[in-house]
Every structure is written in C-alpha cells, then in structure tokens.
Amino acid sequence: MTLAIRMGEVGIIVALEDAGRAQHTCSTYLDEVAGRKLHPVQFDELYARVFYQLSLVHGGGKYITFQTADETQPARTQVLGGGYTQEWSQEEFSKVLQLCVSEWVDANSNEIEWFVPPNRVPSWMMDSTGAVDIRSLADWKPGQH
C-alpha cells in the first residue's frame, strides 16, 4: 500500500492506510530530508525504507470516523489499533534497497556489498554514523556506507 512518484524536482511518497506508521517509524529520515532536494537515488532509498517498514505490518488497522450532527466541523478519523509489526531485518531490507535503486546503481556490481553481517547495508542517504548526508551522486563512491 505504498507508492512513489517523482516528476522533475518533485517527489512524493504515499503510504495508504498506514495509520501514521511511516511518519512515526521513519521520522528520522523524513524530518531531516523534508523540503530538501534529494538526488533520485536518495529518493529511491527513502522509498525503499518506507516500503519495507510498512511491509512489516501484518493485520489491518481499525478506524472510526466521527462527524458532528450539524456537520459544522470537519470529519475526524481515529485509529483504534490492530495489526502487529514484524521485526526489521537488514538482510531483507538490503534486497528491497537493491531493487529500488537499481536504476541508479548496478545491482550486479562486485563493488557493492548489499549486506554485510550482522547488519550493514549500503546507503546513499546516510554516512557511516547513521546521520543523514545529502549530497550529489557524483560525491558518493560505489559501495560507500
């Protein structure tokens, strides 16, 4: 229930029926990149993170919508819960990442190690400390983490 659209300099990631999970679980990345220009490979990596995170949710959520009798206030929807979230696996995420960035990175290149146990995967959005690092693709070296 996720999709990404990129047209020119505008990119949108949509997470349908996620009950705010993407904003909550990916907030570190979303907050830091909001309003900033990302290289397309960074946008695709961000999408891979949102997509994988939401793929870990099993079971549907439950919602209830309220509307005032006189309809003077906007309708409000409240999330009542439901579903459980499976644990994140860097090894599984590396496969999703590989697919999502394949337009920009040669997925069969021997220069990139897609998963290094116990939990390393390449990133075009973060530096080695895990901090968001936005720069042009030309500034990244193949396989840099």
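Residues numbered from 1 in each chain as written. Predicted model: local features only at pLDDT ≥ 70, side-chain atom pairs only at ≥ 80, totals over all residues. Heavy atoms only, no water.

Once that is clear, we can look at the overall build of the protein chain. Secondary structure summary: the protein chain contains 4 helices and 6 strands in total. Reading the protein chain from its N terminus to its C terminus gives the helix and strand order β-β-α-α-α-β-β-β-β-α. Burial status across the protein chain gives 30% buried among its 145 residues. In the protein chain, the proportion of contacts linking residues at least 24 apart, taken out of those at least 6 apart, comes to 56%. When the accessible area of the protein chain is evaluated, it comes to approximately 9200 Å², of which 51% is carbon and sulfur surface. (Helix = DSSP H or I, 4+ residues; strand = E, 2+ residues; numbered from the N terminus. Buried < 20%, exposed > 50% of the residue type's maximum accessible area, 1.4 Å probe, protein only. Contact = heavy atoms within 4.5 Å. Areas by Shrake-Rupley, 256 points an atom, 1.4 Å probe, with all protein chains shown as cover.)

Let us look at helix H3 (residues 40-55). Note that an α-helix has 3.6 residues per turn; residues three or four places apart therefore point the same way. Compared with the 22 Å implied by 1.5 Å per residue over 16 residues, the 22 Å span of H3 between its first and last C-alpha is a close match. Burial of H3 is extensive: 14 of the 16 residues sit out of reach of the surface. (Expected span 1.5 Å × (residues − 1).)

Bridge analysis of strand E1 (residues 2-7) against strand E2 (residues 10-15) gives 6 bridges, and the strand direction is antiparallel. Each residue of the ladder has a partner; that of Met7, found in E2, is Val10. Counting the residues between successive antiparallel strands, the hairpin from E1 to E2 contains 2 residues, one of them, Gly8, with a positive phi of roughly 60 degrees. (Pairing = 2+ DSSP bridges.)

On average, residues of the protein chain carry a pLDDT of 81, and 87% of them reach 70 or more. Highest mean pLDDT in the protein chain belongs to helix H4 (residues 90-100) (95); lowest belongs to helix H1 (residues 21-25) (71). (pLDDT = per-residue confidence, 0-100.)

The subject of this paragraph is the nonpolar core. Core analysis: the largest hydrophobic core is formed by 15 residues, its most contacted members being Ala48, Phe93, Leu97, Val101, Val105, Trp114 and Trp124. Listing elements by their share of this core, those giving two or more residues are H3 and H4. Residues contacting Ala48, with those up to four places away along its chain left out, are Phe93, Val96, Leu97 and Cys100. The next biggest cluster of nonpolar side chains, apart from the first, holds 11 residues, and it includes Ala22, Tyr29, Leu46 and Met125. (Core = buried A, V, L, I, M, F, W, Y, C linked by side-chain atoms within 4.5 Å.)

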